[in-house]
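Listed here are the chains, written in short residue letters.
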Amino acid sequence: MGRVRRNGLSRGARTAAAAALGVLTLTAGCKVETTGTTGPGSGTRASAPVTRPADDGKPGGDGASRTSAPPPAPTARPSPEARTLMAPGDRGGRVRELQARLRQIGHFDRNPTGYYGTVTDASVRSFQGKRDLPRTGRTDAETWERLLAMTRKPTARELDPPTTLPVAKPDPRCLKGRVMCVSKSSRTLSWMIDGKVLMSMDVRFGSQYTPTREGTFSVFWKSRHHVSTLYDSPMPYAMFFSGGQAVHYSSDFAARGYSGASHGCVNVRDEGKIASLYGQVRKGDKVVVH
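Only a predicted model underlies this, so the values are computations on that prediction, with no experimental measurement involved.

Criteria and thresholds
- Residues numbered from 1 in each chain as written.
- Predicted model: local features only at pLDDT ≥ 70, side-chain atom pairs only at ≥ 80, totals over all residues.
- Heavy atoms only, no water.
- Helix = DSSP H or I, 4+ residues; strand = E, 2+ residues; numbered from the N terminus.
- Buried < 20%, exposed > 50% of the residue type's maximum accessible area, 1.4 Å probe, protein only.
- Areas by Shrake-Rupley, 256 points an atom, 1.4 Å probe, with all protein chains shown as cover.
- Phe/Tyr/Trp six-rings, centres within 6.5 Å; stacked < 30°, edge-to-face > 60°.
- Core = buried A, V, L, I, M, F, W, Y, C linked by side-chain atoms within 4.5 Å.
- Contact = heavy atoms within 4.5 Å.
- Pairing = 2+ DSSP bridges.
- Axes fitted to C-alpha atoms, helices over the stretch in contact; angles between N-to-C directions.
- Disulfide = S-S within 2.5 Å.
- Salt bridge = Lys/Arg side-chain N within 4 Å of Asp/Glu carboxyl O.
- Parallel < 35°, antiparallel > 145°, perpendicular 65-115°, else oblique.
- Nonpolar A, V, L, I, M, F, W, Y, C, P; charged D, E, K, R; others polar.
- Expected span 1.5 Å × (residues − 1).

> Help me understand the overall build of the chain in this model?
Counting its secondary structure elements, the chain contains eight helices and eleven strands. Looking at the 290 residues of the chain, the share that counts as buried comes to 36%. Of the accessible surface of the chain, which amounts to about 17,300 Å², a share of 56% is contributed by carbon and sulfur atoms.

Following this line, the structure appears as structure tokens:
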């Protein structure tokens, strides 16, 4: 009897062990299986299949995926902003053309400078407002197309007029040699060689508190990328003729015109002209301010 009981217990233990192994096997199979099917001979019911959308967001090819919820409808995208062609701070030939075309129809009241400053910004806003366009001050594609349709191609003189005011009669001191002849009355600078005017340009001067000195001087130093150590402001194409006073390009003059003033220097607002003048003037050339 004792042996039978021991054998019986042994068989019971083996049966329990086999059952535990079967549970472990089924559990492991649940973890590995991802398609919802079971291996042959497992004797278990198939679990519900897992729905997997395809890469493009459409339902997959199995039967269960066809019953899945459809993807959400795409939302409407906002229209892109108008492409900006020119904006404040830009400079160059295209800006000069913009200014000349605006001047043709009365939206720009000065000579083109090639610099997109506050005056150009206000002129573009004025044009946009008259045409029921967004008043951004930036020249986008639609603004530019409307302007082209209303204007003609500017002439060379419109793009690069000599000066705003007539050039004054040269001072007698300017009639000999190589001279930058600067007139405060006409607010012009004429580059002259032996009495012949080769080029002229608009200039502005210092305020009553920092006046531009008058007299006969000579260029003693040229500095292409000069920055003022006193005012920490750029002075490109600087040609010094009296202490810290020089003829140089002024982006502020290009942007604001005669509403501002220098600290005593002779400001030029046309960068193209001052660049050409800088290339021609030599150290020792005369400067007459009258």
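Picking up where we left off.
> Help me out: how do you make sense of the packing of aromatic side chains in this one?
For any pair of aromatic rings, the description rests on two quantities: the centre-to-centre distance and the angle between the ring planes. Taken as a whole and assessed by the stated rule, the structure comprises five aromatic pairs. Aromatic pair Phe-220 and Phe-240: ring centres 6.3 Å apart, planes at 45°, arrangement tilted. Highlighted residues: Phe-220 in the loop between β6 (215-218) and β7 (221-227) and Phe-240 in strand β8 (residues 234-242), separated in sequence by 20 residues. On the basis of relative accessibility, which here comes to 4%, the residue Phe-240 falls in the buried class.

> When you look at unusual backbone geometry in this model, what are you seeing that I'm missing?
Excluding glycine, most residues fall at negative phi; most peptide bonds, likewise, are trans. Phi is positive for Arg-187, close to 55°, though the residue is something other than glycine. Checked against the element boundaries, Arg-187 lands in the loop between β3 (178-183) and β4 (188-193). Backbone geometry at Tyr-237 places phi at a positive 60°, although glycine is not the residue there. With respect to the secondary-structure elements, Tyr-237 resides in strand β8.

> Is there a simple way to explain the nonpolar core in this structure?
When a protein is soluble and globular, its nonpolar side chains tend to lie buried together. Met-180, Leu-189, Met-239, Val-247 and Leu-277 are the most contacted members of the largest nonpolar core, which has 26 residues in total. If sequence neighbours within four positions are ignored, Leu-277 has contacts with Met-180, Leu-189, Trp-191, Met-199, Met-201 and Met-239. Met-86, Val-95, Leu-102 and Tyr-116 belong to the second-largest nonpolar core, a separate cluster that totals twelve residues.

> Got a minute to help me understand the environment of Lys-283 in this structure?
Summarising the element assignment, Lys-283 is placed in the loop between α8 (271-280) and β11 (286-289). Note: C-alpha distance between Lys-283 and Phe-241 (42 residues apart in sequence) is 9.6 Å. Excluding residues within four positions of it along the chain, Lys-283 makes contact with Val-219, Phe-220 and Lys-222.

> It is not clear to me how the sheet that holds β8 should be interpreted in this structure. Could you clarify?
What holds strands together in a sheet is hydrogen bonding between their backbones, with the strands either parallel or antiparallel. With respect to topology, nine strands assemble into an open sheet ordered β6-β11-β3-β4-β5-β10-β9-β8-β7, the strand pairing being mixed. The outermost strands of the open sheet, each flanked by one partner alone, are β6 and β7. Each neighbouring strand pair of the sheet contributes to a mean axis angle of 30°, computed without reference to strand direction. Note: β3 against β11, four bridges, orientation parallel. Each bridged residue has a counterpart across the sheet, and for Val-179 the counterpart in β11 is Lys-286.

> I'm lost on the state of the cysteines in this one. Help?
Disulfides are covalent bonds that link the sulfur atoms of two cysteine residues. Scanning the entire structure with this criterion turns up one disulfide. The side chain of Cys-174 participates in a disulfide bridge whose partner is Cys-181; the two sulfur atoms lie 2.1 Å from each other. Because the torsion about its S-S bond is 75°, the bridge between Cys-174 and Cys-181 counts as right-handed. On the basis of relative accessible area, Cys-174 is assigned to the buried category, the value being 0%.

> Whenever I open this one, the pattern of salt bridges confuses me. Can you help?
Any two side chains of opposite charge can pair, so long as their charged atoms come close to each other. Here the structure, examined in full by the defined rule, presents 14 salt bridges. The shortest N-O distance in the salt bridge between Glu-158 and Arg-152 comes to 2.9 Å. For Glu-158, a relative accessible area of 24% corresponds to the partly exposed category. A network of salt bridges, in which partner residues are shared, links Arg-96, Asp-160, Asp-270 and Lys-273.

> Teacher, can you tell me more about the pairing of β6 here?
As a general feature of sheets, a regular strand has side chains that alternate between the two faces. Only one face of β6 is buried, namely the one carrying Gly-215 and Phe-217, since none of Thr-216 and Ser-218 on the opposite face is buried. In terms of strand pairing, β6 meets β11 through four bridges, oriented antiparallel. Along β11, the bridge assignment pairs Ser-218 with Lys-286.

> Please explain the packing of helix α4 (residues 118-130) against helix α5 (residues 141-150) as it appears in this structure.
Geometry of a packed helix pair, given as the angle between the helix axes and the separation of the axes. Two elements in contact, α4 and α5, have axes whose closest approach is 11 Å; the angle formed by their N-to-C orientations is 80°. Accordingly, the angle class assigned to the pair α4 and α5 is roughly perpendicular. Of the residues in α5, those touching α4 at Val-124, Phe-127 and Gln-128 are Thr-143, Arg-146, Leu-147 and Met-150. Its residues assigned to classes, the contact of α4 with α5 shows four nonpolar, two polar and one charged.

> What is the right way to read helix α3 (residues 93-104) from this model?
Side chains that are three or four residues apart share a direction in an α-helix, a result of its 3.6 residues per turn. Counted at 1.5 Å a residue, the expected span for α3 with its twelve residues is 16 Å, and the 17 Å between its end C-alpha atoms agrees. Inspection of α3 places Val-95, Arg-96, Leu-98, Gln-99, Ala-100, Arg-101 and Leu-102 among the buried residues, and these make up the whole buried set. On its buried face, α3 sits against β1 (84-86), α4, β2 (139-140), α5 and α6 (156-159).

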